[in-house]
Amino acid sequence: MSERPAGNGKSFEPRIVAFFCSWCTYTAADLAGIARLAYAPNARIIRIMCSGRMDPQFVLATFRQGADGVLIGGCHPGDCHYQEGNYKALRRYLLLKRLLRDLGIEEERLRLVWISASEGDLVQKVVNEFTETIRQLGPLRLAPQPRRTHLPAPAQPEPQPAVWEGGLP
Amino acid sequence: MSGPEVYSNGAPRIGVYVCHCGLNIAGKVDVREVAAFARELPFVVVAREYKFMCADPGQELIREDIRQLNLNRVVVASCSPLLHEATFRRALEQAGQNPFFFQMVNIREQVSWVTKDPRQATEKAKALVAAAVRRVILHEPLQRRRVPVKDRVLVVGGGIAGIHAALTLADAGKRVYLVEREPTIGGHMAMFDKTFPTLDCAACILTPKMSAVASHPNITLWTYSEVIGVEGFVGNFRVRVRRKPRYVIEELCVGCMQCVDACVYKDARFPDEFNMGLGKRKPIYIPFPQATPRVVLIDPETCIRLKTGKCRQTCMGACDRKAIDFEQQERIEEIEVGAIILATGFKAFDPRRIPEYGYGKYPNVYTALEVERLVNAAGPTGGEVRLRDGRVPQRVGIIHCVGSRSKRFNRYCSRVCCMYSLKLAHLIKERTGAEVYNFYIDMRTPGKGYEEFYDRLLHEGVHFIRGRVAEVTDWAITPEEEGKLILRVEDTMIGVVRRIPVDMVVLAVGLEPQPDADAVRRMFNISCGNEGFFLERHPKLAPVSTFTDGIFLAGACQGPKDIPDSVAQAGAAAAEALALIDKGYVELEPNTAYIAEELCSGCKTCIGLCPYRAISFDEARAVAVVNEALCKGCGTCVGACPSGAAQQHLFEDAQIFQEIEGVLAYV
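Here is a short report on the structure shown in this document.

What counts, and at which threshold
Residues numbered from 1 in each chain as written. Chains lettered and ligands numbered in written order. Predicted model: local features only at pLDDT ≥ 70, side-chain atom pairs only at ≥ 80, totals over all residues. Heavy atoms only, no water. Salt bridge = Lys/Arg side-chain N within 4 Å of Asp/Glu carboxyl O. Buried < 20%, exposed > 50% of the residue type's maximum accessible area, 1.4 Å probe, protein only. Helix = DSSP H or I, 4+ residues; strand = E, 2+ residues; numbered from the N terminus. Polar contact = N/O pair within 3.5 Å; in protein donor to acceptor, adjacent residues only side chain to side chain. Contact = heavy atoms within 4.5 Å. Expected span 1.5 Å × (residues − 1). Arc of directions from axis to C-beta. Disulfide = S-S within 2.5 Å. Phe/Tyr/Trp six-rings, centres within 6.5 Å; stacked < 30°, edge-to-face > 60°. Buried area = accessible area lost by both parts, 1.4 Å probe. Axes fitted to C-alpha atoms, helices over the stretch in contact; angles between N-to-C directions. Parallel < 35°, antiparallel > 145°, perpendicular 65-115°, else oblique. Left-handed = near helix turned anticlockwise from the far one by under 90°. Nonpolar A, V, L, I, M, F, W, Y, C, P; charged D, E, K, R; others polar. Pairing = 2+ DSSP bridges.

### Describing the pattern of salt bridges
So, step 1. The tally for this structure, following the rule as stated, stands at 66 salt bridges over all chains.
So, step 2. For glutamate 84 of chain A, the salt bridge is made with lysine 88 of chain A, and the minimal N-O distance between the two is 3.3 Å.
So, step 3. With a relative accessible area of 7%, lysine 88 of chain A lands in the buried category.
So, step 4. Bridged by salt links that share partners, the residues Asp56, Glu60, Arg63, Glu64 and Arg67 of chain B form one connected network.

Have a look at this one:
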């Protein structure tokens, strides 16, 4: 999607990356699927073991790579599979919000939610709401266009079988 | 941040497999398009779509391609990795590849099943596949950690489920700790008179199992005890159990009851919990004659000696075995087990929450559990159904679905109430000859012999009125209603509001989670469903497992169920626990953290963050060190490390950055 008209919310499809912890929120997203609870297709889910694994860099990189919103999902307070990873996630989240504000990025573009393994309906609700929030905010305009620093070489040597000799550019 | 200079396992040669899952995926996602898209991604040597990747021909496709095309990395786009990741990793292993050169893409639960528009579903699937392909390039060969498993099992809860699980394991030669918080095992089943639909006596089938538990050489039975702490992980749990003081030395007491007779209270005068308060007991008592262990206990709330310190202590004098010990203190036991079975049962719905049914207001409104005690030959009335004033009821109304199937309380069906109501209707009619009215919403009698039992009741002259009772009142408006309880109900079969006067109302209360289910769940680190029952790993394929390896569920703590289902589930949980501990070891996911020492600045940020104290500081080299045996793989330290020295196998920063780019590059 190269054309990304701005603003009025009509033709803009937000790009959202969701980091869900394996034990609660990712499982809840599976449950939403089992229950066939349709929700906005904008959120792409990346599984991590614990919301405590969320490196603040992941959020910044995600915005840098062109996301309009980042969603983090963890277990409810007191329910963390690893005892307290979600509290660590919360601390970093609050700090990150301040950082985003300082960078001129609307802090609503980052959201942390607690969704337990049984709350499939909440995944549906949260993703829909968040997609709508981002739609209202419009595209995140970071200039210049993100330079893709982490791409493996796009072209492959011919002929097949492919052999890649170098490291990542 | 760039990836490693040289890829593990040589130049990446990736195979991508897109599963149709019948029409589950292919009905929404254009699988051909996704495969064609994947074919163009870097390092992808082959991309195929197939009807069922998890089936053996699907797995063979992967194994064959690994052999023929020298694939060294595999991506499968199908269902959730929580379901089939292990399946596909095994396929890699069978073809001679390290199983961790694999990444799974969830395009069923998180794409085809939740996306309305096929176009959008296909685009989302492509983005996720692109992310996985980029990620798998950076995967590393890993070895699963193998840790030994303790050869013992803890069973929590001594109802029929816990008893059956404990016996099954003990008979298999395993050491079992059975912990029950009440003074006796037996649970709710011990309170019942008969069991549906066969009407065999509950005590006759339960008490032999109870004494088998008490006498089994492989079972350590701790009643009046509670689990207060759980640490560790699958195969290696450390559990602390609090053993409350009974003020009677269990090893010495033979249950002769002479102390009970000798108590300074000549008459029993305190409400008897086992009889739902319908009978009386003394401060020193045994819950019921077949209590197991058959050991008396002293209630510190009512015993004069324990309350005031002043008593003639006639009980002590009566005990020639010197078993009574007023100085007894609680004891904390610590045990190590390989597996845990939770069988903590249910709590009956408290009908005080429905004030219009008058429970607690009108003395002749009973809960079904109270009536179970009334009809029980060993109960407070010796099996005679009597009202509180001693009269025999002439007319009895049984209200179904009390607290169940209601948006106000619990939406679920409690599954057992229809059948136990039929049983009680039969028993009440048999004992009293009363007219019995059942007020039901729907009769639900699935089960072997259940419908036949319902049919039998229909022919026994029991009345069935279809309608949810609006209220129970003593406000009589006709002479016949004087002195009676009147049930106001819309009979939905004939569309008329009726008033049915009765002498006794029985509330068929539903099953609820134990009030402390949430605290127990936290202690054992498992999940609860929306209604508060413990959550199974998979509703169909892993009904007794939890999301925490090594912890299994049995009985009504997982959801309302009757005795046959509880026993079946207990057997299943025992088999699962047995399979785990008999193997002797478990393999753990190799997703531990490690420190790249050349990057570590020795700031110690990670050390305080680790909830398992798995990270220590090497003073000599001034770097942090992760103890792999203690690390559980949450990655909290990794997320916090300011220099990127802390890393996590399987969830490397570089891998996740690739995933981020992948999902965004193809939006």
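Anyway, onward from the coordinates.
### Here we look at the side chain of glutamine 647 of chain B
So, step 1. Mapping glutamine 647 of chain B onto the fold places it in strand S34 (residues 646-648).
So, step 2. A polar contact is formed between the side chain of glutamine 647 of chain B and the backbone nitrogen of aspartate 653 of chain B, at a distance of 3.1 Å.
So, step 3. In this structure, glutamine 647 of chain B is in contact with Arg53 of chain A together with Thr592, Ala593, Tyr594, Val638, Glu652 and Asp653 of chain B, ignoring residues within four places of it in sequence.

### A word on helix H5 (residues 118-137) of chain B
So, step 1. Helix length check: H5 of chain B (20 residues) gives 29 Å between terminal C-alpha atoms against 28 Å at 1.5 Å per residue, within 8%.
So, step 2. By the criterion of burial, H5 of chain B is predominantly enclosed, with 16 of the 20 residues buried.

### Re helix H13 (residues 450-458) of chain B
Residue and element names in this part refer to chain B.
So, step 1. Among all positions of H13, only Tyr450, Phe453, Tyr454 and Leu457 are buried. With its buried residues spanning 100° around the axis, H13 presents them on a single face.
So, step 2. Considering only its buried residues, H13 is in contact with helix H12 (417-432), strand S23 (463-466) and helix H15 (563-583).

### Considering the state of the cysteines
So, step 1. According to the stated counting rule, one finds two disulfides over all chains in the structure shown.
So, step 2. With its sulfur 2.4 Å from that of its partner, cysteine 24 of chain A forms a disulfide with cysteine 75 of chain A. As the torsion about the S-S bond is roughly 100°, the cysteine 24 of chain A-cysteine 75 of chain A disulfide counts as right-handed. One end of the pair, cysteine 24 of chain A, is in the loop between strand S1 (16-21) and helix H1 (25-34); the other, cysteine 75 of chain A, is in the loop between strand S3 (69-74) and helix H3 (85-103), and 51 residues separate them in sequence.
So, step 3. There is a disulfide in this structure between cysteine 201 of chain B and cysteine 204 of chain B, and the S-S distance comes to 2.0 Å. Negative torsions about the S-S bond denote left-handed disulfides, and the value of about 95° found for cysteine 201 of chain B with cysteine 204 of chain B makes this one right-handed.
So, step 4. Given a relative accessible area of 51%, cysteine 204 of chain B falls into the exposed group.

### Remarks on the packing of aromatic side chains
Aromatic ring pairs: the centre-centre distance and the angle between the two ring planes describe each pair.
So, step 1. Taken as a whole and judged by the stated rule, the model has 13 aromatic pairs over all chains.
So, step 2. Geometrically, the ring pair formed by phenylalanine 19 of chain A and phenylalanine 58 of chain A is stacked, given 6.1 Å between the ring centres and 15° between the ring planes. Of the two residues, phenylalanine 19 of chain A sits in strand S1 while phenylalanine 58 of chain A sits in helix H2 (residues 56-64), which places them 39 residues apart along the sequence. Across the pair, phenylalanine 58 of chain A and phenylalanine 19 of chain A agree in class, each one buried.
So, step 3. A ring pair is formed by tyrosine 412 of chain B and phenylalanine 533 of chain B, whose centres lie 5.6 Å apart and whose planes are at 70°; its orientation type is edge-to-face. A residue pair is termed long-range when its members are at least 10 positions apart, and tyrosine 412 of chain B in the loop between strand S21 (395-402) and H12 and phenylalanine 533 of chain B in the loop between helix H14 (517-524) and strand S29 (551-553) qualify at 121 residues.
So, step 4. A relative accessible area of 1% places phenylalanine 533 of chain B in the buried class.
So, step 5. Site record: aromatic cluster; members linked through ring pairs are Phe19 and Phe58 of chain A together with Phe657 of chain B.

### A word on the interface of chain B and chain A
So, step 1. Contacts between the two partners involve 70 residues from chain B, matched on the other side by 68 residues from chain A.
So, step 2. Counting each side, the surface lost to burial between chain B and chain A is near 5,900 Å², with a carbon and sulfur contribution of 57%.
So, step 3. Connecting chain B to chain A are four salt bridges.
So, step 4. Notably, a salt bridge pairs arginine 521 of chain B with aspartate 79 of chain A, separated by 3.0 Å at the nearest N-O pair.
So, step 5. Applying the counting rule to chain B against chain A returns 15 residue pairs in polar contact (both at pLDDT 80 or more).
So, step 6. Secondary-structure elements contributing two or more residues to the side of chain B that touches chain A are helix H3 (81-94), helix H4 (108-112), H5, H14, helix H17 (636-640), S34 and helix H18 (653-665) of chain B.

### As for the packing of helix H6 (residues 160-171) of chain B against helix H7 (residues 202-215) of chain B
Residues and elements named next belong to chain B.
So, step 1. For the pair H6 and H7, the least separation of the axes is 10 Å and the interaxial angle reads 50°. The orientation of H6 with respect to H7, classified from their angle, is oblique. As for how H6 packs across H7, the hand of that crossing is left-handed. Residues Ile160, Ile163, His164 and Leu167 of H6 form the contact with H7, whose participating residues are Leu206, Lys209, Met210, Ala212 and Val213.
So, step 2. Grouping the amino acids of the contact of H6 with H7 by side-chain chemistry returns seven nonpolar, one polar and one charged.

### A short note on the sheet that holds strand S22 (residues 435-440) of chain B
Residues and elements named next belong to chain B.
So, step 1. With respect to topology, five strands assemble into an open sheet ordered S20-S27-S21-S22-S23, the strand pairing being parallel. The sheet is open, and its two edges are formed by strand S20 (365-367) and S23, each paired on a single side. Each strand of the sheet is rotated relative to its neighbour by a mean of 25°, with strand direction disregarded.
So, step 2. Sheet topology places S21 next to strand S27 (residues 504-509); five bridges connect them, and they run parallel. In the sheet register, isoleucine 399 faces S27, and the bridge partner there is leucine 507.
So, step 3. Helix-sheet contacts for H12 involve S21, S22, S23 and S27, and the interaxial angle to S27 is about 155°.

### Observations concerning the sheet that holds S29 of chain B
Residue and element names in this part refer to chain B.
So, step 1. The five strands are arranged S10-S7-S6-S18-S29 in an open sheet whose pairing can be described as parallel. Here the strands that pair on one side only, and so sit at the sheet edges, are strand S10 (219-222) and S29. If you compare each strand with its neighbour and ignore which way they point, the axes differ by 20° on average.
So, step 2. Of the strand pairs in this sheet, strand S6 (residues 152-156) and strand S18 (residues 339-342) are connected by four bridges, and their pairing is parallel. Pairing of valine 156 across the sheet is with leucine 342, part of S18.

Remember that the coordinates give geometry; whether it matters functionally is a separate question.
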